[in-house]
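Architecture at a glance
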Amino acid sequence: MYKLLIKPFLGLYSAERARRIALTELKIVHRLPLTRSLIRLAHRKETPALKRELFGIEFPNPVGLAAGFDTDGEFAAAIADYGFGFIEIGSITAAPEEGNPRPRIFRLPKDKAIIHRTGTANKGVIKAIQNIQAERPDCILAVNLANSPLCTKDSKMINDFQYSFSMMYDFADMFTINVSNTDRNGVLSIQNATSIAEIIDPLVEMRLSYENYKPILLKISPDIPRDELCIILDYCMYSGVDGIIAAGSSRKLPELQSSQRRLEDIGPGGLSGAPLYEKSLELVRFIHEYTKGRFPIIGCGGICKAEQVEEMLSAGASLVQMHSAFAYEGPGLIKKIIKKLDSKKQ
């Protein structure tokens with residue numbers, strides 16, 4: 001039904017508008033008790049063979065939804081009905097961010113990919129908390145925290161991270177500190193070990209004052225040079241960081257099926273989707289080998305099917321995340337993947 005009816009209908013709208021319409025429809029269905037029960041019955045099945053314990057948390061399965069799909073946590077409760085092992089909302093900043101001018105999200109259907117330059121558009125941490133309080137998602141909830149693109153390498157940026165972290169602490173199961181976002185000029189201005197330490201060290205110290213331990217993960221860009229990545233990994237392993245998400249979107253476009261004219265019309269932005277899979281897989285494998293398998297990794301980028309989940313886990317990932325594939329294939333995708341993974345474990 002999704003591919004025959006819903007997807008063509010959504011294709012009449014811009015990518016950003018279509019996502020909003022689709023999520024609103026999921027939310028409406030979620031609020032209909034009978035329909036919701038049927039969806040949960042069909043999509044959320046116990047799969048003991050797929051359970052994984054990581055960071056002291058038991059995940060019902062290893063497949064999560066990446067940040068960027070539900071920016072403000074408004075739809076997480078509805079999305080949770082479809083069987084993800086965990087859901088990550090965000091990126092969230094301390095104050096609301098309008099982001100870059102629209103249009104800022106563009107489909108590349110031939111590549112099953114998306115180019116975006118949203119500029120960390122979100123309604124701020126207070127609104128995200130209100131959304132979670134209105135209806136707590138029935139799932140493991142990760143919260144992705146980012147800085148404003150206008151605020152880098154200064155005390156305000158560090159204070160903003162601390163504010164968001166402290167305000168959200170009681171509502172999240174785990175946190176992602178996102179340094180893979182670009183500023184308005186497309187520069188990864190805080191993706192270096194010094195800047196990362198300035199952000200994360202205070203958060204690790206703050207965490208000591210809370211009764212419940214919440215994991216802190218770092219999300220990086222796939223474009224990071226290997227020498228800089230090694231320095232960051234060394235820092236992470238000895239600083240109190242619990243794991244790494246590899247990786248965010250890429251500004252380095254591989255060879256694509258979409259025409260050069262189409263790419264020129266779109267202009268600069270971050271690429272996410274199927275073309276990133278090999279790059280993400282290579283990055284996960286590198287991190288796993290460099291850290292000798294001692295550092296947890298969440299593989300993210302271009303995963304579209306069960307075989308890729310298996311390959312990513314074999315390469316060293318403890319968990320995986322999806323994003324663009326969920327948009328292209330619809331909410332039934334996670335059921336197909338979990339069913340296939342579970343059948344191979346039987």
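Overview of the structure. The shown structure was predicted, so the numbers you read here are calculated from the model rather than taken from an experiment.

It is worth spelling out the packing of aromatic side chains at this point. A complete count under the given rule lists nine aromatic pairs for this structure. An angle of 65° between the planes, with centres 5.1 Å apart, marks the rings of F69 and F326 as edge-to-face. Of this pair, F69 sits in the loop between β3 (63-65) and α4 (76-79) while F326 sits in helix α12 (residues 324-329), placing them 257 residues apart in sequence. Judged by its relative accessible area of 8%, F69 is buried. The class for F326 is buried, based on a relative accessible area of 5%. Note on Y169 and Y210: the rings are 3.8 Å apart at their centroids and 15° apart in plane angle, and the pair reads as stacked. Placement of the pair is Y169 in the loop between α6 (155-168) and β8 (174-178) and Y210 in the loop between α7 (193-207) and β9 (216-220), with a sequence separation of 41 residues. An aromatic cluster of three or more residues is present, and its members are F165, Y169, F175 and Y210.

By volume, the second largest pocket amounts to about 400 Å³. Lining of the second largest pocket is provided by 20 residues; of these, H43, R44, K45, E46 and N61 occupy positions nearest its centre. Of all the elements in the fold, those that place two or more residues in the lining of the second largest pocket are α3 (33-43) and α13 (333-345). Per element, the largest residue contribution to the lining of the second largest pocket is four residues, and it comes from α13. Of the residues belonging to the lining of the second largest pocket, the class tally is seven nonpolar, five polar and eight charged.

This part covers the nonpolar core. Ranked by internal contacts, the top residues of the largest apolar core, which has 80 residues, are M168 and L218. Of the residues forming this core, the biggest block, eight residues, is contributed by α7. With sequence-adjacent residues up to four places away left out, M168 is seen in contact with I92, V125, A128, I129, I132, V143 and F175. Judged by nonpolar contacts, the second largest core, of 14 residues, contains L54, I57, I140 and I298.

Interaxial distance between helix α11 (residues 306-314) and α13 falls to 9 Å at its minimum, and their mutual angle equals 60°. By the angle class used here, α11 and α13 are oblique. Two packed elements cross with a definite hand, and for α11 against α13 that hand is right-handed. Contacts from A306, E307, V309 and E310 of α11 reach α13 at I337, K340, L341 and K344. Residue composition of the contact of α11 with α13, grouped by class: four nonpolar, no polar and four charged.

Next up on the list: the pattern of salt bridges. With the rule as written, the count across this model stands at 18 salt bridges. D81 is the partner of R36 in a salt bridge, and the nearest nitrogen-oxygen pair spans 3.3 Å. Of the two residues, R36 is situated in helix α3 and D81 in the loop between α4 and β4 (86-92); the sequence distance between them amounts to 45 residues. On the basis of relative accessible area, D81 is assigned to the buried category, the value being 2%. Between E46 and K51 there is a salt bridge, with its nearest N and O atoms 3.6 Å apart. Classification of E46 by relative accessible area gives exposed; the value is 64%. The network of salt bridges with shared partners includes R36, R40, R44, D81 and D138.

Looking now at the packing of helix α1 (residues 2-10) against helix α2 (residues 15-30). At a minimum axis separation of 9 Å, α1 and α2 run at an interaxial angle of 135°. As summarised for this structure, α1 and α2 are arranged oblique, according to the angle between their axes. Across the interface between the two elements, I6, F9 and L10 of α1 pack against A18, I21, A22 and E25 of α2.

On to a nonpolar patch on the surface. Together, F9, L12 and Y13 give the surface a local cluster of nonpolar side chains, amounting to about 310 Å² of exposed area. Counting through the fold element by element, F9 comes out in helix α1. A relative accessible area of 35% places F9 in the partly exposed class.

Moving on to the pairing of β9. Most of β9 is tucked away, with five of its five residues classed as buried. The alternating pattern of β9 places I216, L218 and I220 and L217 and K219 on opposite faces, both of which are buried. For β8 and β9, the ladder comprises four bridges, and the chain directions are parallel. What sits directly across from F175, in β9, is I216.

Calculation criteria
- Counting starts from 1 at the beginning of each chain's written sequence and moves along it residue by residue.
- Only residues with pLDDT of 70 or above have their local features reported here, since the model is predicted, and side-chain atom pairs are shown and tallied only from 80 upward, although totals for entire chains, interfaces and linings are computed over all residues.
- Only hydrogens and water are removed before side-chain values are computed, so all heavy atoms of the structure are retained for them.
- Pairing of aromatic rings covers Phe, Tyr and Trp, the last counted by its six-membered ring, and requires centre-to-centre distances within 6.5 Å; plane angles under 30 degrees mean stacked, over 60 mean edge-to-face, and any other angle means tilted.
- Helix numbering and strand numbering both begin at the N terminus, where a helix is a DSSP run of H or I of at least 4 residues and a strand a DSSP run of E of at least 2.
- Burial status follows relative accessibility: with a 1.4 Å probe on protein chains alone, a residue under 20% of its type maximum counts as buried, one over 50% as exposed, and anything between as partly exposed.
- Here the term cavity refers to a set of points on a 1 Å grid, laid over the protein atoms alone, in which a 1.4 Å probe fits but cannot get out; the term pocket refers to an open set having protein on both sides within 12 Å along at least five of seven lines, with lining residues being those that place an atom within 4 Å of a point.
- Grid points are joined across faces, edges and corners, and a volume is the space filled by probe spheres set on the points.
- Amino acids are sorted into nonpolar (Ala, Val, Leu, Ile, Met, Phe, Trp, Tyr, Cys and Pro), charged (Asp, Glu, Lys and Arg) and polar (every other residue, Gly among them).
- Here, nonpolar core refers to any group of buried Ala, Val, Leu, Ile, Met, Phe, Trp, Tyr and Cys residues whose side-chain atoms link them within 4.5 Å.
- Should any heavy atoms of two residues lie within 4.5 Å, those residues are counted as being in contact.
- For helices, the axis comes from a line fit to the C-alpha atoms of the stretch in contact; other axes are also lines fit to C-alpha atoms, and the angle between any two N-to-C directions lies between 0 and 180 degrees.
- For classification purposes, angles smaller than 35 degrees are called roughly parallel, those larger than 145 roughly antiparallel, those between 65 and 115 roughly perpendicular, and all remaining angles oblique.
- Left-handed is the label given to a crossing in which the near helix is rotated counterclockwise from the far helix by less than a right angle, and right-handed is the label when the rotation is clockwise.
- The term salt bridge refers to a side-chain nitrogen of Lys or Arg lying within 4 Å of a carboxyl oxygen of Asp or Glu.
- Here a patch means residues that are over 30% exposed by relative accessible area and free of salt bridges, tied together within 9 Å if like-charged and within 5 Å if nonpolar (Val, Leu, Ile, Met, Phe, Trp, Tyr).
- Working definition of accessibility: Shrake-Rupley area with a 1.4 Å probe, residue cover restricted to the visible protein chains.
- When DSSP locates at least two bridges between a pair of strands, those strands are taken to pair.

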